[in-house]
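Close look at the chain arrangement
One-letter residues, chain by chain:
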Amino acid sequence: MSQQAVKFAYWVPNVSGGLVVSKIAQRTDWGIDYNRKLAQLAEAAGFEYGLTQIRFTAGYGAESQHESVAFSHALLAATTRLKVIAAILPGPWQPALAAKQLATIDQLTNGRIAVNIVSGWFKGEFQAIGEPWLEHDERYRRSEEFIQALKGIWTQDNFTFKGDFYRFNNYTLKPKPLGQPEVFQGGSSRAARDMAARVSDWYFTNGNTLEGIKAQVDDIRAKASANNHSVKIGVNAFVIARDTEEQARAVLAEIIDKADLQAVNAFGDAARQAGKASPEGEGNWAKSSFEDLVQYNDGFKTNLIGTPQQIAERIVALKAVGVDLVLAGFLHFQEEVEYFGKRVLPLVRELEAKAGVRQVA
């Protein structure tokens, strides 16, 4: 087990509909006032990161969306310690613009901005905004060059890069970030994992069983080591923490019972089409059931559903197979993030301390 304490991030609900494709009542709002308060609650609760989402078009319950980079900056302005991970989609963004945007935000917030490079899986979104749609592995090749360009611009003067997608000639960015913003990415395909093993600082995996997560962690870390690279692992989880397991399971059952059938099936069809385009014929949602798809990123599979003690024990088990960060979604964000900070996170730290994990203040 790693000697570093597990970190926690939360999904920023900057798009409407919350984190489940369900008609269940949710006390979550996608507006800025709600999200400013949520960021402050998350920071106080012990979360180190928030992850904003990038959407350009409506669909699957997300009829309205705030842009990720601008929204991230607003949340940083409302907090003092929280890091915010802004989602960026190569294609609509060029690396020169992204590098400059993020460097400025980094300067203004004392180094608290990070970036999640989203290679893209929704063809309809690209078509709607007039962006060329690349084949599966080409999207990841472009993302890898995007990350190489970001890191080069942030760390070098007279940066020169000759790629297939991006080119730079003696470019110097000033001011540079205070440090190098962390680069996150997701994806379950072979191309996604291999990219993480070469260039990314963090790899996000969809929710999964302990065995499934361990297989991914072992695969990525072995490849990264062969590349003289290191990468940390974050796992998606939808958290339902209640005083009793029966209460938690009842909430899960209600979410699924009230699933938006049309939206879930449409999402599943689009996701599977994207996965089939990979050479191995699999993607993030290749093995997802209908119930899994009710939560966008297979968050139910991680099974952080139950009492605070049960959830804390499962988080420490995730850590034992190599997980460095839990990316959490909730039904009612403000009150559940606060509950998690008071009831779950202290138990995680107690269990880590018993296992000899170093706690960082």
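Note that this is a predicted model, so its numbers are computed, not measured. (Residues numbered from 1 in each chain as written. Predicted model: local features only at pLDDT ≥ 70, side-chain atom pairs only at ≥ 80, totals over all residues. Heavy atoms only, no water.)

**What to know about unusual backbone geometry**
As a rule of thumb, non-glycine residues mostly have phi less than zero, and peptide bonds are mostly trans rather than cis. A cis geometry characterises the amide bond from Lys174 onward to Pro175, with omega recorded as 0°. Structurally, the position occupied by Pro175 is in the loop between strand 6 (167-171) and strand 7 (183-185). Here the phi dihedral of Asn303 falls at roughly 65°; this positive angle occurs in a residue that is not glycine. Within the secondary structure, Asn303 is located in the loop between helix 10 (290-293) and strand 11 (305-306). (Helix = DSSP H or I, 4+ residues; strand = E, 2+ residues; numbered from the N terminus.)

**Focus on the environment of Ala77**
With respect to the element layout, Ala77 can be found in helix 2 (residues 68-77). Of the residues examined, Ala77 reaches a relative accessible area of 65% and is grouped as exposed. (Buried < 20%, exposed > 50% of the residue type's maximum accessible area, 1.4 Å probe, protein only.)

**Quick word on the pattern of salt bridges**
Tallied over the full model, the rule gives 23 salt bridges. Note that Arg343 is salt-bridged to Asp243, the shortest N-O span being 3.2 Å. Taken together, the residues span a long stretch of sequence, with Arg343 in helix 12 (residues 333-354) and Asp243 in the loop between strand 10 (240-241) and helix 8 (245-257) at a distance of 100 residues. The class for Arg343 is partly exposed, based on a relative accessible area of 37%. Because the salt bridges share partners, they merge into one network encompassing Arg190, Arg193, Asp194, Asp219 and Lys223. (Salt bridge = Lys/Arg side-chain N within 4 Å of Asp/Glu carboxyl O.)

**Details of the pairing of strand 8 (residues 202-205)**
Here strand 8 shows no split at all, with Trp202 and Phe204 on one side and Tyr203 and Thr205 on the other all buried. Alignment of strand 7 against strand 8, held across two bridges, turns out to be parallel. Counterpart to Gln185 in the pairing with strand 8 is Tyr203. Read as a crossover between parallel neighbours, the route from strand 7 over helix 6 (residues 190-198) to strand 8 is right-handed. In terms of strand pairing, strand 8 meets strand 9 (residues 232-238) through four bridges, oriented parallel. Of the residues in strand 9, the one forming a bridge with Phe204 is Gly234. (Pairing = 2+ DSSP bridges. Right-handed = clockwise from strand over helix to strand, strands pointing away.)

**Quick word on the sheet that holds strand 4 (residues 113-117)**
What the eight strands build is a closed barrel, ordered 1-2-3-4-7-8-9-12; its pairing is parallel. Between one strand axis and the next, the sheet turns by 25° as a mean value, whatever way the strands run. On the sheet, helix 2 packs against strand 1 (7-11), strand 3 (83-88) and strand 4 and is oriented at approximately 175° with respect to strand 3. (Axes fitted to C-alpha atoms, helices over the stretch in contact; angles between N-to-C directions. Contact = heavy atoms within 4.5 Å.)

**Side note on the packing of aromatic side chains**
The description of two aromatic rings rests on the distance between their centres and on the angle between their planes. Taken as a whole and assessed by the stated rule, the structure comprises 18 aromatic pairs. Taken together, a centroid distance of 5.4 Å and an interplanar angle of 70° make the contact between Phe8 and Phe340 edge-to-face. Note that Phe8 is positioned in strand 1 and Phe340 in helix 12, a separation of 332 residues in sequence. Neither residue differs from the other here; Phe8 and Phe340 are each classed as buried. (Phe/Tyr/Trp six-rings, centres within 6.5 Å; stacked < 30°, edge-to-face > 60°.)

**Here's the deal with helix 5 (residues 136-155)**
The end-to-end C-alpha distance of helix 5 is 29 Å, a good match for the 28 Å that 20 residues give at a rise of 1.5 Å each. Extensive coverage of helix 5 is indicated by the burial of 15 of its 20 residues. (Expected span 1.5 Å × (residues − 1).)

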